[in-house]
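Understanding the architecture of this molecule
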Amino acid sequence: MVDLNKDLADKFLNFIETGQYERLQFEMEMLGNIEDQHPLLIFYYASSIHLKKTWKKKDLLYAQSLFEKIYLMKKSNLQPLYNMMVLSFRTNKYKKVLEYASEAYESNKKDTKLIEGLARVNFYLGNRKQSLKLFRSLFEILPEKTEGRFPFVASLLYSSEATQEQYINECSKFTNLIEKKLNVEKNIFRFEPNKNTKIKIAFLSADFKKHSVSFFLKDLLQKIDKSIFEITLVSNLNVIDYDDLTNELRKLSHYWYDVEKMTDDELVNLLRSKNFDVLFDLSGFTQGNRLEVVARRCAKIQILWLGYNNSLCLKNVDYFIADKYLIKLNEKSLYKEKILYMPKIWNSLSVPDKLPEIDNKLKLKSSKFTFCSFNNFHKLSEKTISTWSKILNQKNTEIILKDSLEGGEDLQEHVIEKFVKYGVNRDQLIFFDNQETIFDHLKLYNKINLALDTFPYPGVTTSCEAILMGVPVLTMKGFNSNSRCGESIMRNLGMEEMIAEDETDYINKAISMLNDKNFFEKNGQHLREKALSSPLFDTETFTIDFCNLIKDVCNYK
């Protein structure tokens with residue numbers, strides 16, 4: 001290692017502060033081998049890669065390795081470790097980060113940056129108990145901190161230990177801080193009192209692309225009566241992420257606004273200027289949300305729907321769309337919004353234009369009973385894995401897993417380790433990559449006998465897709481709107497026998513099904529036809545019911 005040249009260090013720092021990242025990299029590389037330089041210069045070089053917007057994954061992996069090298073030189077300096085944690089969410093490399101951060105935490109239990117980073121890494125790896133414990137300790141130290149609270153609140157949906165009352169309590173703490181910061185009590189806007197010639201409704205989302213939200217929204221936009229409703233789509237999606245479905249949705253709306261680059265104040269002013277009767281927030285606490293916009297009154301009526309299935313606890317969100325299976329009539333007090341009940345189901349999926357043939361030769365020819373879950377790995381709670389493991393400990397079983405979020409090899413290996421801990425052999429676990437088209441994705445179900453639903457955060461799109469491909473789904477009863485999605489799907493399908501009461505019933509049902517030689521003939525042979533005539537895919541009736549609900553809310557005559 002060479003001695004530090006202070007003038008060079010000052011120059012490199014100036015490059016960082018002025019955004020001259022390529023200049024810094026060029027001058028650093030002219031010095032010779034990067035890793036032989038002084039740790040501070042290596043740190044600046046790695047930071048320039050991290051901060052540069054045109055990075056490639058291989059560059060980020062190199063930057064992460066450089067931060068690791070510097071950290072191991074002097075573990076009392078935690079800044080390189082902080083940067084390693086940040087980069088791990090881009091590189092999907094978590095194993096060493098988790099090891100180093102867990103070790104550092106034992107000596108730095110009041111370091112809020114370390115706590116938050118470690119909480120997020122544990123959340124991403126599905127270590128719910130550790131994640132929630134760390135988040136809670138973070139907010140005990142910083143009770144007024146808002147950053148980091150929304151992933152904490154959202155993570156409660158993945159935890160079997162969190163009740164609806166606990167969720168509402170933590171959610172209220174977070175949104176109260178947001179509303180206090182925004183001064184929503186005094187930030188009142190008066191909308192034009194005159195009725196619009198049509199009911200003006202806007203949908204706000206960052207998911208107007210090939211995404212579950214859009215798959216459920218598309219038919220509604222196609223079939224809604226545009227002589228009564230004026231449709232606006234407010235897209236918080238970066239324009240570089242547009243795809244064919246984006247363009248299709250754009251054509252189905254009267255107006256489209258790209259708002260990803262707008263500040264919250266600019267977006268609030270835009271929405272208020274349009275005098276919308278209803279604004280639908282389709283994001284909730286999910287990635288790409290504009291929570292601090294929705295927290296302010298941007299339409300006469302604001303409704304939470306589709307992309308997030310629990311309360312937001314915001315004063316200016318008036319309604320939450322559900323159905324009688326998601327929220328029981330005597331549970332309405334457990335939600336801050338007023339509940340709007342759809343007559344049958346809270347959403348209805350658009351059927352893909354082209355469906356693969358259901359071909360059961362593969363599954364019938366196999367000597368093994370094949371389960372699957374195509375839910376993202378965040379939903380694989382400890383209870384889910386321990387329950388599935390008891391099923392997989394039966395003879396001649398295997399499970400196919402596919403992570404829609406593409407969490408990477410470290411996350412996959414972490415999932416494997418959890419199954420192995422419960423006695424499952426590695427060769428029983430099969431991992432599929434994401435497919436380029438929906439058609440190819442759906443074809444994968446032809447290899448599968450039974451889809452296992454996750455809990456307490458069940459699948460929605462994945463369950464509907466499995467059913468559409470003639471694959472039954474075993475789900476479990478829940479305790480709130482989010483955890484009952486699978487139950488609502490199966491009740492609307494008329495297959496209540498696929499709803500388990502608890503973990504024991506779930507295991508017993510699965511074992512009974514895998515031992516039933518006539519399982520497919522009983523449950524899968526005519527499942528597609530049954531599904532297509534059910535509320536799950538009856539978007540025509542759903543649109544009528546949805547429009548009637550909105551007309552009632554708006555007092556439209």
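One can find the structure itself at the top, above this paragraph.
Small disclaimer: the values here were computed from a predicted structure and weren't measured. (Residues numbered from 1 in each chain as written. Predicted model: local features only at pLDDT ≥ 70, side-chain atom pairs only at ≥ 80, totals over all residues. Heavy atoms only, no water.)

1. So, the nonpolar core
Formed by 189 residues in total, the largest nonpolar core has its most connected members in Ile-201, Phe-203, Phe-280, Phe-285, Trp-305 and Ile-550. In contact with Phe-203, other than residues within four places in its own chain, are Phe-208, Leu-217, Leu-220, Leu-221, Ile-231, Thr-232, Leu-233, Val-234, Phe-280, Leu-282 and Trp-305. (Core = buried A, V, L, I, M, F, W, Y, C linked by side-chain atoms within 4.5 Å. Buried < 20%, exposed > 50% of the residue type's maximum accessible area, 1.4 Å probe, protein only. Contact = heavy atoms within 4.5 Å.)

2. Let's talk about the side chain of Glu-487
By the element assignment, Glu-487 lies in helix 20 (residues 485-493). Among residues more than four places away in sequence, those in contact with Glu-487 are Thr-475, Lys-477, Gly-478 and Ile-499. (Helix = DSSP H or I, 4+ residues; strand = E, 2+ residues; numbered from the N terminus.)

3. Topic: the pattern of salt bridges
Here the idea is simple: oppositely charged side chains can pair when their charged atoms come close. This structure, assessed with the given rule, holds 30 salt bridges. One salt bridge connects Lys-96 with Glu-68, and the closest N-O pair in it is separated by 3.5 Å. A residue pair is termed long-range when its members are at least 10 positions apart, and Lys-96 in helix 6 (residues 95-105) and Glu-68 in helix 4 (residues 57-73) qualify at 28 residues. Judged by its relative accessible area of 14%, Glu-68 falls in the buried class. A salt bridge links Lys-261 to Glu-260; the nearest nitrogen and oxygen atoms lie 3.9 Å apart. (Salt bridge = Lys/Arg side-chain N within 4 Å of Asp/Glu carboxyl O.)

4. With respect to the layout of surface pockets
Here the second largest pocket defines a volume of roughly 410 Å³. Phe-369, Asn-449, Leu-514, Asp-516 and Lys-517 are the residues nearest the centre of the second largest pocket, which is lined by 21 residues in total. Sorting the residues of the lining of the second largest pocket by element identifies helix 15 (361-365), helix 21 (503-514) and helix 22 (519-523) as the ones contributing at least two each. For the lining of the second largest pocket, the per-class residue count stands at seven nonpolar, eight polar and six charged. (1 Å grid on protein atoms, 1.4 Å probe; cavity = no way out; pocket = protein on both sides within 12 Å on 5 of 7 lines; lining within 4 Å. Points joined across faces, edges and corners; volume = space filled by probe spheres on them. Nonpolar A, V, L, I, M, F, W, Y, C, P; charged D, E, K, R; others polar.)

5. Things to note about unusual backbone geometry
Residues apart from glycine generally show negative phi values, whereas peptide bonds are mostly found in trans. Residue Pro-456 is bonded to the preceding Phe-455 through a cis peptide linkage, with omega at 5°. With respect to the element layout, Pro-456 can be found in the loop between strand 11 (450-452) and helix 19 (461-468). Of note in the backbone geometry, Asn-183 takes a positive phi value of approximately 55° without being a glycine. Positionally, Asn-183 belongs in the loop between helix 10 (164-182) and strand 1 (199-205). On the accessibility criterion, Asn-183 (39% relative accessible area) is partly exposed. Despite not being glycine, Asn-396 has its phi angle at roughly 55°, a positive value. Secondary-structure assignment places Asn-396 in the loop between helix 16 (382-392) and strand 9 (397-401).

6. A closer look at the sheet that holds strand 7 (residues 338-342)
Read across the sheet, seven strands follow the order 3-2-1-4-5-6-7 without closing on themselves; strand pairing throughout is parallel. Since the sheet does not close on itself, it has two edges, and those belong to strand 3 (255-258) and strand 7, each with one partner. Here the average twist between neighbouring strands, direction ignored, is 25°. Judged from the four bridges that link them, strand 4 (residues 278-281) and strand 5 (residues 301-304) form a sheet pairing that is parallel. Note that in strand 5 the partner of Asp-281 across the bridge is Leu-304. (Pairing = 2+ DSSP bridges. Axes fitted to C-alpha atoms, helices over the stretch in contact; angles between N-to-C directions.)

7. Here we look at the packing of helix 6 against helix 7 (residues 112-124)
Packed helices, taken two at a time, are described by the angle between their axes plus the distance between the axes. Contact pair helix 6 / helix 7: the axes reach a minimum separation of 10 Å and the direction vectors enclose 140°. One finds that helix 6 runs oblique with respect to helix 7. In this structure, helix 6 crosses over helix 7, and the sense of that crossing is left-handed. Residues Val-97, Leu-98, Ala-101, Ser-102, Ala-104 and Tyr-105 of helix 6 touch helix 7, and the partners they reach there are Leu-114, Ile-115, Leu-118, Val-121 and Asn-122. (Parallel < 35°, antiparallel > 145°, perpendicular 65-115°, else oblique. Left-handed = near helix turned anticlockwise from the far one by under 90°.)

8. So, the environment of Gly-408
Inspection of the secondary structure assignment puts Gly-408 in the loop between strand 9 and helix 17 (409-421). When the C-alpha positions of Gly-408 and Leu-134 are compared, they lie 24 Å apart, and in sequence the two are 274 residues distant.

9. A short note on the packing of aromatic side chains
All told, the structure shown has 30 aromatic pairs when counted by the stated rule. Ring centres of Phe-189 and Phe-191 lie 4.9 Å apart, and the angle between their planes is 75°; on these two criteria the pair is classed as edge-to-face. Geometrically, the ring pair formed by Phe-374 and Tyr-445 is tilted, given 4.9 Å between the ring centres and 50° between the ring planes. Here Phe-374, found in the loop between strand 8 (369-373) and helix 16, pairs with Tyr-445, found in the loop between helix 18 (438-443) and strand 11; they are 71 residues apart in sequence, far enough to count as distant. On the basis of relative accessible area, Phe-374 is assigned to the buried category, the value being 4%. Residue Tyr-445 is classed as buried on the basis of its relative accessible area, which comes to 1%. Pairwise contacts between aromatic rings join Phe-203, Phe-280, Trp-305, Phe-542 and Phe-546 into one cluster. If you follow Lys-200 out to its NZ or CZ, it ends over the ring of Phe-276, 5.9 Å from the centre. Between the NZ or CZ atom of Lys-354 and the centre of the ring of Phe-439, over which it lies, the distance is 4.9 Å. (Phe/Tyr/Trp six-rings, centres within 6.5 Å; stacked < 30°, edge-to-face > 60°. Lys NZ or Arg CZ within 6 Å of the ring centre and 35° of its normal.)

10. Quick notes on the pairing of strand 9
Of all five residues that make up strand 9, five are buried, and the element is covered over most of its length. Burial of strand 9 is two-sided: the residues Thr-397, Ile-399 and Leu-401 facing one way and the residues Glu-398 and Ile-400 facing the other way are all buried. Summarising the sheet, strand 8 and strand 9 pair through five bridges and their orientation is parallel. Paired with Thr-370 across the bridge in strand 9 is Glu-398.

By themselves, these figures tell us nothing about what the structure is for.
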